[in-house]
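# Results of the structural survey
Residue strings, one per chain:
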Amino acid sequence: MSTPEAGGWAPATSVDEVLGLFRRFGADRYDEEVSQLDHALQCAALARRDGAPDELVAAALLHDVGHLLHLRDGGRGPVDEDLAHEDVGARWLSALFGPAVTGPIELHVEAKRYLCAVEPGLTDALSAGSRASLVRQGGPLDQVGVAAFEARAGSPEAVALRRWDDAGKVVGLHVVPLDAYEAMLFDLAAR
Ligand code: FE
Ligand code: FE
């Protein structure tokens, strides 16, 4: 079932539902090498390592939940079209978490387009999958887009998330498990 408020997705009803999505679909491939769960856990671990606040650690952990919703609803990943997974995920989570969590998630694709515009050479350093999706996502931002992005609330957090996103694709990296974030997520959802 879906609601217009969620843009076609019934909003998340509990942290358990969020965690259940990762437990059920986390083994699915994220990119060329790592699984969805590996990628999520690596991004969250990098955010923790860099001293990010809990809201941003949660954003790092959950930023690609839109892909898992797509899988839950029968889609097969990775996909060839741009499914606006950043919007889908942010909207789905907004019933549980505030904008400090959902904002960077919503902006993480735009942050990639931003970084590829302001850091020449970054596009070449992206993983093959990320380079391919950049094209579907509209490519690097133009000058107007860059200025508009910088003016948006939460753009620095989205840029930080995007850097962890690029780095969180290491095969075989040992990081703390999903359980380690449960209490934090329940706490954030209760605020
Ligand atoms: Fe993403
Ligand atoms: Fe990602």
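Residues numbered from 1 in each chain as written. Chains lettered and ligands numbered in written order. Predicted model: local features only at pLDDT ≥ 70, side-chain atom pairs only at ≥ 80, totals over all residues. Heavy atoms only, no water.

### Structural notes on the overall build of the protein chain
Definition in use: Here a strand is any run of E in DSSP of at least two residues, a helix any run of H or I of at least four, and the numbering for each starts at the N terminus. Computation of the radius of gyration draws on C-alpha atoms alone. For the globule rule, the value is 2.2 Å times the number of residues to the power 0.38. Between buried and exposed lies partly exposed: a residue is buried under 20% and exposed over 50% of the maximum accessible area for its type, with that area taken using a 1.4 Å probe on protein chains only. When checking whether two residues touch, look at their non-hydrogen atoms; a contact exists if any pair is within 4.5 Å. Areas reported here follow the Shrake-Rupley algorithm with a probe of radius 1.4 Å; residue values treat only the protein chains shown as occluding. His is not counted, nor are the chain ends, whereas Lys and Arg count as positive and Asp and Glu as negative. Note on charges: their place is set at NZ of Lys, CZ of Arg, CG of Asp or CD of Glu.
Per the secondary structure count, the protein chain includes 11 helices and 0 strands. Sequence-ordered secondary structure for the protein chain, helices as α and strands as β, is α-α-α-α-α-α-α-α-α-α-α. For the protein chain, whose C-alpha radius of gyration is 15 Å, the value lies close to the compact-globule estimate of 16 Å for 191 residues. Its C-alpha atoms put the protein chain at 40 × 40 × 35 Å along the principal axes. Evaluated residue by residue, the protein chain yields a buried proportion of 47% over its 191 residues. Counting only contacts in the protein chain whose residues sit at least 6 apart along the sequence, the fraction spanning at least 24 positions is 71%. Summing over all exposed atoms, the protein chain offers an accessible surface of approximately 9,100 Å²; the carbon and sulfur share of this is 53%. Computed over 17 positive and 30 negative side-chain charges, the separation of the two mean positions in the protein chain equals 2 Å.

### Description of the coordination of the iron ion (ligand 1)
Which entries qualify depends on this criterion: Any nitrogen, oxygen or sulfur atom within 2.8 Å of a metal ion counts as a donor, with the limit raised to 3.2 Å for Na, K and Ca, and since water is left out, coordination shells can look unfinished.
For the iron ion (ligand 1), the protein coordination sphere consists of Asp64 (OD), His85 (NE2) and His108 (NE2), at 2.1 to 2.2 Å. Expressed as a motif, the donor residue spacing for the iron ion (ligand 1) is D-x20-H-x22-H. A relative accessible area of 7% places His85 in the buried class.

### Focus on empty space enclosed by the protein
Definition in use: Both site types are read off a 1 Å grid over the protein atoms alone. A 1.4 Å probe that fits but cannot get out defines a cavity, while an open set with protein on both sides within 12 Å along at least five of seven lines defines a pocket; lining residues have an atom within 4 Å of a point. Grid points are joined across faces, edges and corners, and a volume is the space filled by probe spheres set on the points. By the convention adopted, Pro, Cys, Tyr, Trp, Phe, Met, Ile, Leu, Val and Ala count as nonpolar, Lys, Arg, Asp and Glu as charged, and the other residues, Gly among them, as polar.
Considering all chains together, one arrives at 1 cavity of 30 Å³ or more under this definition. Lining of the largest cavity is provided by Phe22, Gln36, His39, Ala40, Leu61, His63, Asp64, Val65 and Leu68. Of all the secondary structure elements, the ones that give two or more residues to the lining of the largest cavity are α2 (36-49) and α4 (65-72). Considering every element that reaches the lining of the largest cavity, the biggest residue donor is α2, with 3 residues. Along the lines of polarity and charge, the residues of the lining of the largest cavity split into 5 nonpolar, 3 polar and 1 charged.

### Details of the packing of α2 against helix α3 (residues 54-62)
To describe two helices that pack against each other, one gives the angle between their axes and the distance between the axes. What counts is decided by this rule: Each axis is a line fitted through C-alpha atoms, taken for helices only over the stretch in contact, and angles between the N-to-C directions span 0 to 180 degrees. Roughly parallel means an angle under 35 degrees; roughly antiparallel, over 145; roughly perpendicular, 65 to 115; everything else is oblique. Definitions for this section: a left-handed crossing has its near helix turned counterclockwise from the far helix by less than a right angle. A right-handed crossing has that turn clockwise.
Close contact between α2 and α3 brings their axes to 7 Å; oriented N to C, the two are set at 160°. When the interaxial angle is binned, α2 and α3 end up roughly antiparallel. Considering the relative orientation of α2 and α3, their crossing is right-handed. Between α2, through Ala40, Leu41, Cys43, Ala44, Ala47 and Arg48, and α3, the contact on the second element is made entirely by Asp54, Leu56, Val57, Ala60 and Leu61. Class assignment for the residues of the contact of α2 with α3 results in 9 nonpolar, no polar and 2 charged.

### Topic: helix α8 (residues 128-136)
Quick note on the threshold: By definition, the arc is the one covered by directions from the helix axis to the C-beta atoms.
Inspection of α8 places Ser130, Ser133 and Leu134 among the buried residues, and these make up the whole buried set. Across the axial projection of α8, the buried residues extend over an arc of 110°, all falling on one side. Of the surrounding secondary structure, the elements contacted by the buried residues of α8 are α6 (99-118), α7 (122-125) and α10 (155-167). Just beyond α8, the residue with positive phi is Gly138, at close to 110°.

### Looking at the environment of Arg152
Within the secondary structure, Arg152 is located in the loop between α9 (143-151) and α10. Residues Arg152 and Gly103 lie 49 residues apart in sequence; the distance between their C-alpha atoms is 10.0 Å. The contacts of Arg152, once residues within four sequence positions are left out, are Glu106 and Leu107.

### Remarks on the confidence of the model for the protein chain
The criterion, for reference: The predictor attaches a confidence to each residue, called pLDDT, with possible values from 0 through 100.
On average, residues of the protein chain score 90 in pLDDT, and 91% of them reach the 70 mark or higher. Across residues 1-7 the pLDDT falls below 50, and counting only partners more than four positions away or on other chains, this stretch makes 12 contacts in the model.

### Details of the nonpolar core
Rules: What makes a nonpolar core is a set of buried Ala, Val, Leu, Ile, Met, Phe, Trp, Tyr and Cys residues whose side-chain atoms join them at distances within 4.5 Å.
Leu61, Leu62, Phe97 and Leu185 are the most contacted members of the largest nonpolar core, which has 41 residues in total. Put simply, the parts of the chain that give this core at least two residues each are α1 (15-25), α2, α3, α4, α5 (85-93), α6, α10 and α11 (182-189). Looking at this core element by element, the count peaks at 7 residues for α3. Core analysis: the next-biggest nonpolar cluster, separate from the first, contains 13 residues, Leu107, Ala111, Tyr114 and Val159 among them.

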